[in-house]
Amino acid sequence: MKSASERLQSLRKLMEKQRLSAYVVPSQDAHMSEYVADVDAKRAYLSSFTGSAGTAVVTKNEALLWTDGRYYEQAEQQLSASAGWKLMRDISAPSVPEYLRKVLDDGAQVGIHGDLISVATALRWDRALFPKAGDSGVADITNRDDAVDDIPEDASGVLLRPVVADLIDDVWGSDRPPRAFNKVDVHPKDFAGQSSTEKVADVRRTLKKEKAHAIVFTTLDDIAWLLNLRGSDIHCTPVFFAYVVVTQNKVMLFARESSFTDGAKSQLSQELGCDKIHPYEDLKTYLGELSRETGVDTAAEPASKRAKREAEDIETKESPFRILLDPQSCALAIQRCCIAAGHRVVPLANPVRRAKAIKNDTELEGMREAHFLEAIALCEFFAWLEGAVKGGAEQGLDEVRVSDKLEEFRSAHKDYRGPSFDTISAYGSNGAIVHYRAEQETAKVLGTDSLYLCDTGGQYVMGTTDMTRTFCFGQPSKVQRTAYTLVLEGHIRLAEAKFPNATEPAKLDILAREPLWKHGLNYKHGTGHGLGAFLGVHEFPPLIGSALPASSAGSGPSPTSLAAGMVLSNEPGFYLSGDFGIRIENVVIAKDVSAELPDVGIPRENDAWLGFETITFVPIAQNLIDLDLLSPGARAWVDNYHAACMDKIGPLLLERGSRETYEWLKRATAPLGSVAE
């Protein structure tokens, strides 16, 4: 395998052949996935940085990595300084296009593989790099030749060039792992709550409303949800590699047919009339022939029918075929293919994403059940762990062994299908690395002199879970107790929030941060993310972060605003570099609380109001709470929450015969101040 320096050297040779002054390697795959399969981990291969978010940029003389605050410490550890890699912290560094515009000469070309950048990002970067491209006679990025030879000498800008063949593939060569196509099976309606027929019917209503002929779905979780199928092509995420095109009379699926079970094929045929699975690699070829495939033949069309369609603006002389694409999630290469075929591309926020985010009653019940199962496993695990550490068995009990033990408890249930992400099992200073992953060479042995942070989640057939707890098995310091209590206050403020329907989730972010902000403290990650129903542990929308989302194409309510039925995390934290990390995370369901609001005698508008239902039931560490710092309202919330944990999980533990864990839960959920530390 090539060294870090050799990989850069090979890439720069290829760049020189293609007259590229810089080459950009994003994190995502052709489906804009946050987590990618090994075959698509191109940025990780090139840079050695394995975090889920980051962009690598290589110029003739520099190798740079942009990432966010979750990964600063990890990137510092993994990037090879000897090979010349430099970390660009997104909070203070210029953006990628700003940097490239500054360091490259006018007329320079920046290469990026068109499959690995969304249409929206490509357009934004293109405008930043070459603001007056049109004035210079250079085509728009969505319709630009992939081998530009004639750039005006007086051009004032840097050209973003979408290459067809990714240079990283050549650098990686035979060492690159093959693409895995694993089994794809049915996700039953008993868990989905809605048939794929009903879901596709909703999509076709969107087509009719937008007067479009087809819509292309490229994001894997949306495809899995739409078709009521699940796979395992990406680690910890039950999705499969596929593309889907929906028209008014057809559903075209592009995947590996041999991976589909007979049940999956039967469901596709019976519910959607999809009797043929096209090769995964054939989407772009098919898009070029889509109008003929769907029977739009303007030459043979009767004049009366043509006039009617023109009146409805279904077609124009320039483009007889209208295709809906989401610029935020569709790869640039897909849109370029559609335009090259003469289709008119209509930008529209993916309608499946919001439908998927707003869970139906069946999905919500499944999420609640999954979190009950998760709570049982985690209570058994934490009871065992506390006993092992306090009992002096911590020798050899390192972060990896502890994480493996957790998996033993969780996998005991028949409906468990695997972790929803790699468990963050972090003791002491490792806890300050937000997305730390325990490995044998870096694993710390647990003890009683620092904090243990465990961020973990599971995939169950009825739902997906995610939870973080921070414990101290000894005597915590004043600093640790203060920080933990401030984080807890923020967690509770968000858990108790009431807000108007359709509120942008980013507006709630300050509720969780304010207790820390009052003391000049903060954390460098988002406060909450959506969760799928036996899908991705990170689902968008919703997203509770420190910035409002960019506007999306289309009309109507914002596709990112909160609605009843959305499931998301509540996870503020605090991290003291080189010392410890704290995070408290529960999963909540947004619900209508209009009828629960107190009547104060003032007329209210009839708009719906939302709040949160917490569905995680695992005790919070009482010995880390400073009761003198905790507000009375927060103290009442903790006691009520612990009472709910005991009420809901205690009987389930007794049913399993887990008497020792039941006694641990009873102690852990006692009213605050009633148990000696």
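Since this is a predicted model, take the numbers as computed values, not measurements. Sequence positions are assigned chain by chain, starting from 1 and proceeding in written order. In keeping with the model being predicted, local features are shown solely for residues with a pLDDT of at least 70 and side-chain atom pairs are shown and tallied solely at 80 or more, while totals for entire chains, interfaces and linings include all residues. Here the side-chain values reflect all heavy atoms present in the structure, with hydrogen atoms and water set aside.

**Q** Sorry if this is basic, but what is going on with the domain arrangement of the chain here?
**A** By a frequent convention, interface size equals the accessible area lost on bringing the separate parts together. Here the chain is partitioned into domain 1 (4-175), domain 2 (185-300 + 317-352) and domain 3 (358-669). An automatic or database domain assignment is the source of the domain bounds shown. Using C-alpha coordinates to define each centre, domain 1 is positioned 36 Å away from domain 3. Each partner contributes to the interface: domain 1 provides nine residues, whereas domain 3 provides ten residues. The contact between domain 1 and domain 3 buries some 860 Å² in all, and 53% of this surface belongs to carbon and sulfur atoms. Of all residues in domain 1, Tyr 35, Arg 70 and Glu 73 give up the largest surface area on contact with domain 3, accounting jointly for 57% of the area buried on that side. When a carboxyl oxygen of Asp or Glu lies within 4 Å of a side-chain nitrogen of Lys or Arg, that pair is called a salt bridge. At the surface where domain 1 touches domain 3, the tally comes to zero salt bridges. We call two residues in contact when some of their heavy atoms are within 4.5 Å. The term buried area means the drop in 1.4 Å probe accessible area that two parts suffer when joined, counted for both and summed.

**Q** Even after reading the chapter, I still don't get the sheet that holds strand β6 (residues 159-163), so can you show me in this structure?
**A** Two strands in a sheet stick together by hydrogen bonds in their backbones, pointing the same way (parallel) or opposite ways (antiparallel). An order of β4-β3-β2-β1-β5-β6 is seen for the six strands of this open sheet, with the pairing classed as mixed. The two strands at the open ends of the sheet, each matched to only one other strand, are β4 (85-89) and β6. Neighbour-to-neighbour, the strand axes of the sheet open up by a mean angle of 25°, direction not taken into account. Note: strand β2 (residues 55-59) against strand β3 (residues 63-67), four bridges, orientation antiparallel. Bridge pairing links Thr 55 to Trp 66 in β3. Between the N-to-C directions of two axes lies an angle of 0 to 180 degrees, each axis being a line fitted to C-alpha atoms and, for a helix, fitted only over the stretch in contact. Numbering of helices and strands runs from the N terminus, with a helix taken as a DSSP run of H or I at least four residues long and a strand as a DSSP run of E at least two residues long. Of the strands in this sheet, β1 (22-25), β2, β3, β4 and β5 (109-113) touch helix α4 (residues 96-103), which is tilted by about 10° from β2. In short, DSSP must find at least two bridges between two strands for them to pair.

**Q** Would you mind showing me how to read the environment of Arg 344 here?
**A** As for its position among the elements, Arg 344 is in strand β14 (residues 344-347). Spatially, the C-alpha atoms of Arg 344 and Ser 196 are 27 Å apart, while their sequence positions differ by 148 residues.

**Q** I'm lost on the pattern of salt bridges in this one. Help?
**A** As a working rule, side chains carrying opposite charge can pair if their charged atoms are close by. According to the stated counting rule, one finds 33 salt bridges in the structure shown. A salt bridge links Glu 539 to Lys 359, with the nearest nitrogen and oxygen atoms 2.5 Å apart. Here Lys 359 lies in the loop between α15 (351-357) and α16 (361-390) and Glu 539 lies in strand β23 (residues 539-544), a separation of 180 residues in the sequence. For Lys 359, a relative accessible area of 5% gives the class buried. Each residue's exposure class comes from its accessible area (1.4 Å probe, protein chains only) as a fraction of the maximum for that residue type: buried when under 20%, exposed when over 50%, partly exposed otherwise.

**Q** Sorry, what's going on with the sheet that holds strand β15 (residues 416-419) here?
**A** Taking strand neighbours across the sheet as the criterion, the three strands line up as β15-β18-β19 in an open arrangement whose pairing is antiparallel. With partners counted over all chains shown, the strands left at the sheet margins are β15 and β19 (463-464), one partner each. The pairing of strand β18 (residues 458-460) with β19 spans two bridges and is antiparallel. Within β19, the residue paired with Tyr 460 across the bridge is Gly 463. Taken strand by strand, helix α17 (residues 399-410) contacts β15 and β18, and its axis lies near 165° from that of β15.

**Q** It is not clear to me how helix α10 (residues 262-272) should be interpreted in this structure. Could you clarify?
**A** An α-helix turns once per 3.6 residues; consequently, residues spaced three or four apart project the same way. Considered for burial, the residues of α10 that qualify are Ala 264, Gln 267, Leu 268 and Leu 272. End-on, the buried residues of α10 take up no more than an arc of 100°, which puts them together on one face. In this structure, α10 carries Asp 262 and Gln 270 as exposed residues pointing more than 90 degrees from its buried face. Here the buried face of α10 lies against β7 (185-186), α8 (196-209), α9 (220-227), β9 (229-230), β11 (251-255) and β12 (277-279). Looking at the residues trailing α10, positive phi occurs at Gly 273, about 65°. This arc is built from the directions going out from the helix axis to the C-beta atoms.

**Q** Can you walk me through helix α14 (residues 332-340) in this structure?
**A** In terms of residue burial, α14 counts as a mostly covered element, since seven of its nine residues are buried. Regarding α14, the residues found buried are Leu 332, Ala 333, Ile 334, Gln 335, Arg 336, Cys 337 and Cys 338. Residues of α14 that are buried in the fold lie against α5 (119-129), β6, α11 (283-288), β13 (322-325) and β14. Looking one or two places after α14, you find Gly 342, whose phi comes out positive at around 90°.

**Q** What am I meant to see in the pairing of β11 here?
**A** A regular strand places its side chains on the two faces of the sheet in alternate fashion. Within β11, five of the five residues are buried, which leaves the element mostly enclosed by the surrounding structure. Residues Val 251, Leu 253 and Ala 255 line one face of β11 and the alternating positions Met 252 and Phe 254 line the opposite face, and both faces are buried. The pairing of strand β10 (residues 243-247) with β11 spans four bridges and is antiparallel. Its bridge partner lying in β11, Val 244 is registered against Leu 253. What sits between β10 and β11 in their antiparallel hairpin is a turn of three residues. Bridge analysis of β11 against β12 gives three bridges, and the strand direction is parallel. Bridge pairing links Ala 255 to Pro 279 in β12.

**Q** Which parts of the structure should I look at to understand the confidence of the model for the chain?
**A** As a note on interpretation, predicted positions should not be read in detail where pLDDT is low. Across the chain, pLDDT averages 92, with 91% of residues at or above 70. On a scale of 0 to 100, pLDDT captures the predictor's confidence in every residue. Across residues 295-301, where pLDDT falls below 50, the model places eleven contacts with residues more than four positions away in sequence or in other chains. Here residues 548-555 scores under 50 on pLDDT; set against residues more than four positions off or in separate chains, the count is 13 contacts.

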